[in-house]
Amino acid sequence: MTDWLGPAEWQAVALSLRVSLWATLFSLPFGIFVAYALARWSFPGKQIVNGLVHLPLILPPVVTGYLLLLSFGTRGPIGSFLADWGIVFAFRWSGAALAAAIMAFPLMVRAIRLSIEAVDPKLEQAAATLGAAPAWVFLTVTLPMALPGIVAGTILAFAKAMGEFGATITFVSNIPGETRTIPSAIYAFLQVPGGEGAALRLVIVAVVVAMAALLLSEIFARRVAARVGGQ
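Residues numbered from 1 in each chain as written. Predicted model: local features only at pLDDT ≥ 70, side-chain atom pairs only at ≥ 80, totals over all residues. Heavy atoms only, no water.

Observations regarding the packing of helix α2 (residues 46–58) against helix α5 (residues 93–117)
In step 1: Orientation of α2 relative to α5, taken along the N-to-C sense of each, is 125 degrees, at an axis distance of 7 Å. Considering their axes alone, α2 and α5 lie oblique with respect to each other. Judged by the twist between their axes, the crossing of α2 over α5 is left-handed. Where α2 abuts α5, its residues Asn50, Val53, His54, Pro56 and Leu57 lie against Ile102, Met103, Phe105, Pro106, Leu107, Val109, Arg110 and Arg113.
In step 2: Counted by class, the contact of α2 with α5 contains 9 nonpolar, 2 polar and 2 charged residues. (Axes fitted to C-alpha atoms, helices over the stretch in contact; angles between N-to-C directions. Helix = DSSP H or I, 4+ residues; strand = E, 2+ residues; numbered from the N terminus. Parallel < 35°, antiparallel > 145°, perpendicular 65-115°, else oblique. Left-handed = near helix turned anticlockwise from the far one by under 90°. Contact = heavy atoms within 4.5 Å. Nonpolar A, V, L, I, M, F, W, Y, C, P; charged D, E, K, R; others polar.)

Put into C-alpha cells, the structure is as follows:
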C-alpha cells in the first residue's frame, strides 16, 4: 500500500483525514444542539433556521465557498476580525476544515434530529417529574436514546467531509500540502498529462473510505441501538 501511492497522493490522503476529523469534531457539538432545538423546541423563525441549516445541500458548493470567502476572507467582516487575533481560514487547511464542516453539517443534523424525534417525550417528562433538571434529562435520557443517530450522523458527516470539493477549492484554493485534499488532488492530477494513474488510485481510496464509512455507520448504529434497547 505504501508503494502503491506516491508521496503527493499520501499527502492528499493524510490531509483529507486531518481536515475531515477536525471538521467532524468541531461541528458535532453544534450539530447536537441544533438537532435538539429543531426536534424539541418551538421558537419564532424555526423554519428559517431549518432552511439555513439545510441550505448547503441545495446551493451549488461553489456558491457556499464564495460566501465563505466573502465572510471569512482576510477582508471579510468575520475574517478581518479573526485575523487581528492571528486566526486565518482563507487558503489554510483550517479553512478547508471549515468548508467541509459546513457542507457536512446538514447530514449530521438530519440524522441526529430524526434520532431525537424518535425518543419518546414521555420518558423525558417522567424524568422531569422526578425532579431532574432539563440539562440532566438531556444527558441521562435523550442523549443515550439518540446515540444511534449521533453515531450515524457523525460517521456520515466525516465521509461527506472527505469528499468535499467545490466549496473547499473556492474558499482555500488547491495548495499542495496545505489545502489539496483527495478531491482537489484528483482534479489536479487530471489536468496534467500522465496524471490519470494517480487520479485513479485516489478515486479508489475515496470510494473505499466512503463505503467503509457507510458500513461502519450502519454497524455502529445497530449495535448502539441494540444496547440502548436492552437487546
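What about α5?
In step 1: With 25 residues, α5 ought to run about 36 Å at 1.5 Å a step, and its terminal C-alpha atoms sit 35 Å apart, in line with that.
In step 2: For α5, the principal kink sits at Ala104 and spans about 40 degrees; a proline, Pro106, occurs within the next four residues. (Expected span 1.5 Å × (residues − 1). Bend = angle between axes of the 7 residues up to and from the residue.)

Quick look at the packing of aromatic side chains
In step 1: Throughout the structure, instances matching the rule amount to 6 aromatic pairs.
In step 2: Here the aromatic rings of Tyr36 and Trp41 are separated by 5.9 Å at their centres, their planes lie at 85 degrees, and the arrangement is edge-to-face.
In step 3: For Trp41, a relative accessible area of 38% puts it in the partly exposed group.
In step 4: Its guanidinium or amino end placed over the ring of Trp93, Arg18 lies 3.8 Å from that ring's centre, counting from NZ or CZ. (Phe/Tyr/Trp six-rings, centres within 6.5 Å; stacked < 30°, edge-to-face > 60°. Buried < 20%, exposed > 50% of the residue type's maximum accessible area, 1.4 Å probe, protein only. Lys NZ or Arg CZ within 6 Å of the ring centre and 35° of its normal.)

Re α2
In step 1: Taking 1.5 Å of rise per residue, 13 residues should cover 18 Å, and α2 covers 18 Å from first to last C-alpha, within 8% of that figure.
In step 2: Of all the bends found along α2, the most pronounced is centred on Leu52 and spans about 30 degrees, while Pro56, a proline, follows it within four residues.
In step 3: All of the buried residues along α2 are Lys46, Asn50, Val53, His54 and Pro56.

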